[in-house]
Amino acid sequence: MSSFQVPVELTNADESLTYDAIVVGCGVIGPCVATGLARKGKKVLIVERDWAMPDRIVGELMQPGGVRALKSLGMVQSINDIEAIPVTGYTVFYNGEKVAIPYPYRADAGPVEKIGDLVRGGNDKVSDDETIKVKDFEDSDRERGVGFVHGKFLQNLRTIVAQEPNITRLQGNVIEISKNKHNEVVGAKVDINGRGKVEFRAHITFICDGIFSRFRKELSPDHVPKVGSSFVGMSLYNAKMPSQNHGHVILGTEHLPILVYQISPEETRILCAYNSPKLPSSIKDWMIKDVQPFIPESLRPSFDNAIAEGKFKSMPNSYLSGRQNDVLGMCVIGDALNMRHPLTGGGMTVGLNDVVLLMKKIGDLDFSDREVVLDELLDYHYERKSYDSVINVLSIALYSLFAADNDNLRALQKGCFKYFKRGGDCVRLPVSFLSGVMPRPFLLTKVFFSVALYAVYVNFEKRGALGFPVALLEGIAILVTAARVFTPYLYAEMIG
Ligand SMILES: Cc1cc2nc3c(=O)[nH]c(=O)nc-3n(C[C@H](O)[C@H](O)[C@H](O)COP(=O)(O)OP(=O)(O)OC[C@H]3O[C@@H](n4cnc5c(N)ncnc54)[C@H](O)[C@@H]3O)c2cc1C
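One structure accompanies this document, and this report is about it.

About the thresholds
Residues numbered from 1 in each chain as written. Predicted model: local features only at pLDDT ≥ 70, side-chain atom pairs only at ≥ 80, totals over all residues. Heavy atoms only, no water. Helix = DSSP H or I, 4+ residues; strand = E, 2+ residues; numbered from the N terminus. Rg over C-alpha atoms; globule rule 2.2 N^0.38 Å. Buried < 20%, exposed > 50% of the residue type's maximum accessible area, 1.4 Å probe, protein only. Contact = heavy atoms within 4.5 Å. Areas by Shrake-Rupley, 256 points an atom, 1.4 Å probe, with all protein chains shown as cover. Lys, Arg positive; Asp, Glu negative; His and termini not counted. Charge placed at Lys NZ, Arg CZ, Asp CG, Glu CD. Pairing = 2+ DSSP bridges. Core = buried A, V, L, I, M, F, W, Y, C linked by side-chain atoms within 4.5 Å.

Observations regarding the overall build of the protein
Then, in step 1: Scanning the protein for helices and strands turns up 14 helices and 17 strands.
Then, in step 2: Taken against the 2.2 N^0.38 rule, which gives 23 Å for 496 residues, the C-alpha radius of gyration of the protein at 23 Å falls within 12% of a compact globule.
Then, in step 3: Summarising its shape, the C-alpha atoms of the protein cover approximately 80 × 50 × 45 Å along the three principal directions.
Then, in step 4: Every one of the 496 residues in the protein was classed for burial, and the buried ones make up 58%.
Then, in step 5: Partitioning the intrachain contacts of the protein with sequence separation of at least 6 by distance along the chain shows that 75% fall at a separation of at least 24.
Then, in step 6: With an accessible surface of roughly 20300 Å², the protein has 52% of that area assigned to carbon and sulfur atoms.
Then, in step 7: Distance between charge centres in the protein, computed from 56 positive and 57 negative side chains, equals 4 Å.

Comments concerning the sheet that holds strand 3 (residues 61–62)
Backbone hydrogen bonds hold the strands of a sheet together, and the pairing may be parallel or antiparallel.
Then, in step 1: Read from one edge of the open sheet, three strands run 3-7-4, paired in antiparallel fashion. Whereas interior strands pair on both sides, the edge strands pair on one side only; in this sheet they are strand 3 and strand 4 (85–87).

Some details on the nonpolar core
Then, in step 1: Residues Ile101, Leu401, Phe402, Leu412 and Phe433 are the most contacted members of the largest nonpolar core, which totals 62 residues.
Then, in step 2: At ten residues, helix 13 (residues 441–463) tops the list of elements feeding residues into this core.
Then, in step 3: Dropping the residues within four chain positions of it, leucine 401 is found in contact with Leu409, Leu412, Gln413, Cys416, Phe448 and Val485.
Then, in step 4: Within the second largest apolar cluster, 55 residues are counted, among which are Met348, Leu352, Leu357 and Leu377.

Structure follows, in structure tokens:
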């Protein structure tokens, strides 16, 4: 817990009421669920264990699909007044060569859907501030993403929550999900400083307790994430970015992926992949040996300063396929439900689109009609698949390619970069999937295997006429590898 002074209105929630909804967690997704429901006229209790501004290296680059979802929810001004940096696309480096990948055209993504009761008084548009300009953000012909300091963004979301008259905020640690004798969820038990353990009741309880969720297991004991790698992060100050307003992905045959994006006018986040959940004994030595040589020249001074300062933060990279919400009186959402590799910065986009769909499915229902709400939640699981599977599968497939540890994966990595270099649809489609504006899993499959075939072709070119028989065998191995990194995840996402 922080040294934040807890105001009395954060501890005096009324336990004699039955709320329409309890929301557990006020990170990225909790405030959006709470605000959406409150604007639909529901009485909501939101419980957060610490309302002070968090300091984390997660959720700092929002893809255009996430920005669009915030617009649909009437909450996009949460990216205002935090010195957020507009993002117009990516620059991908591969062994020193680079290619620019601009975000898709707005016309291709179609208009943003406005959810009734949630969007009002222009809250679906950003306003002008020091770093965001309405003209650029709303009227440009291409989609925009945004980079920001995560804690500042969260505090803006929490301010929106505080302004909703139908929401009661509570600071406390949820310690138990309460059930009746039929094993149906009826509320949550909260440990409140100075008040002890208090039970609150609601028609439905939303579990938004994030990556290290304690309550996702209420869906099923085997709803457990897999952790295969980590990101080690540092803050670079006054870094000279290779491309302004772009996210950077630095790839190469000799190292693991490195991500670099600006999160404020002074601060740039660098995240360096490490292929194990257990970190090296000396992070500094590892950074100097395995990361520093591959940092583009313009970033080196700020990178070297950050190394000298030695302030490293790390996070495990988890994968957890979504699961049907089939428990009466409960809905698990956000990272508690579903996680993917953070390489493609898609977590907030999936979670926010989940909230948009949720509002459409259950926002207008009477929550005391718990069976009807459950019926809609059962359907919701299938309807979310089109967008979540694209972002989830892409993140895992790209991480496998970009962290290549065998020759077939290295061939796919090279083929992927050369594919991007062809431009046109070879850039337009992949970036549309990545940015969360093209929820079409079967088109993703087609594009992924086009990349694999292109990698085979690039390998044929490299081998030349004399190497044809070898290239043929290698081509088969490359295609088998591509199928191995892609299909099990697609299957898990689509069938699970
Ligand atoms: C290294 C890394 C980098 C990432 N980068 C990006 C990125 O650039 N872009 C992107 O879109 N996504 C990114 N993500 C994913 C993104 O951070 C998550 O998808 C997002 O934060 C999920 O939001 P959430 O609300 O589900 O969980 P969280 O944001 O984690 O919020 C959970 C909240 O619940 C509270 N809580 C937990 N337990 C309790 C309890 N028992 N009682 C009360 N309160 C509780 C916590 O204090 C917290 O406030 C990244 C993830 C990782 C690991």
